[in-house]
Amino acid sequence: MAGILDSNVLTQVGFIVRDIEKSKQKFAEFFGVPVPQHFDGGKFEVTGTQYMGKPAPDANCVMAFFDAGPNVQIELIQPNGVKSVWQDFLDENGEGIHHIAFNIKGMDQKIVACEAFGMQLVQRGKYGDGGGEYAYLAAYDDMKCLVELLENY
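Calculation criteria
As a convention, each chain's residues are numbered from 1 in the sequence order in which they are written. Per-residue local features are limited, in this predicted model, to residues with pLDDT of at least 70; the limit for side-chain atom pairs, both in listing and counting, is 80 or more; totals at the level of whole chains, interfaces and linings are taken over all residues. The basis for every side-chain value is the complete set of non-hydrogen atoms in the structure, without hydrogens or water. The pairing criterion for strands is at least two bridges between them, as found by DSSP. Each helix is a run of DSSP H or I of at least 4 residues and each strand a run of E of at least 2, with the numbering of both proceeding from the N terminus. Working rule for contacts: check all heavy atoms of both residues, and any pair within 4.5 Å makes them a contact. Axis lines are fitted to C-alpha atoms, over the contacting stretch for helices. Their N-to-C directions set the angle, which ranges from 0 to 180 degrees. Throughout this description, buried means an accessible area under 20% of the type-specific maximum (1.4 Å probe, protein chains only), exposed means over 50%, and partly exposed covers the range between. A pocket, in this scheme, is an open set of points on a 1 Å grid over the protein atoms alone with protein on both sides within 12 Å along at least 5 of 7 lines, while a cavity is a set where a 1.4 Å probe fits but cannot get out; residues line either one if an atom lies within 4 Å of a point. Grid points are joined across faces, edges and corners, and a volume is the space filled by probe spheres set on the points. Only Asp, Glu, Lys and Arg are considered charged in this grouping, and only Ala, Val, Leu, Ile, Met, Phe, Trp, Tyr, Cys and Pro are considered nonpolar; every other residue, Gly among them, is considered polar.

*Asks:* Now, about the sheet that holds strand β4 (residues 54–55): what can you tell me, with residues and values included?
*Replies:* Strand order across the open sheet formed by 10 strands is β2-β5-β6-β1-β7-β10-β9-β8-β3-β4, with mixed pairing between neighbours. Lying at the two open borders of the sheet, with one neighbouring strand each, are β2 (39–40) and β4. Where strand β3 (residues 50–51) and β4 come together, two bridges link them in antiparallel fashion. Along β4, the bridge assignment pairs Y51 with K54. Across the sheet, helix α1 (residues 20–31) touches β1 (12–16), β5 (61–67) and β6 (73–79), and the angle it forms with β5 is around 5°.

*Asks:* Break down the pairing of β1 for me, citing the residues and quoting the values.
*Replies:* Buried residues dominate β1, accounting for five of its five residues. Of the two faces of β1, the one holding Q12, G14 and I16 and the one holding V13 and F15 are both buried throughout. When β1 meets β6, the two strands line up parallel, connected through five bridges. In the strand pairing of β6, I16 is matched with I77.

*Asks:* Which residues make up the layout of surface pockets, and what values do they have?
*Replies:* If you add up the space inside the largest pocket, you get close to 390 Å³. Of all elements in the fold, only β2, β5, β6, β8 (120–127), β9 (132–139) and β10 (145–152) reach the threshold of two or more residues within the lining of the largest pocket. Looking at side-chain class alone, the lining of the largest pocket contains 10 nonpolar, 10 polar and four charged residues. Surrounding the second largest pocket, Y51, M52, V85, D88, F89, E92, N93, Q120, V122, A138, Y140 and L146 form its lining. Going through the elements one at a time, α3 (85–93) and β8 are the ones with two or more residues in the lining of the second largest pocket. By residue number, the principal contributor to the lining of the second largest pocket is α3, which donates five residues.

Below you can see the structure in the form of structure tokens.
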């Protein structure tokens, strides 16, 4: 498969929300599924979150996930009010679609390829118990959104 990421399989669409409880309820009602649990993004000691190339120990969010097909998740994200890619979006745009995400292999190489394509790395960290890594790349000028790369170890 050609292309910047060696994949064109979308795996997630992320939404920034102000009230995760209210948003979870509405999405669950719309999909006709149970309301999912939500959880925070994890402690900095595990995530190592970097925002604009600098450590961001207080940047966090609350997240909930819905399966929206065999390979696609809907992610709801409520930022915690601290400077981050999530909070920036909420402050500048309000609630709405935040990113599209792709599962990839070779995070560092894919980031370099995306930057060569004109995207800017804005936030990076680990998720879960450190079993995977994420990176958000701004592609607003050309693709009108953020692109998230997800790599499971």
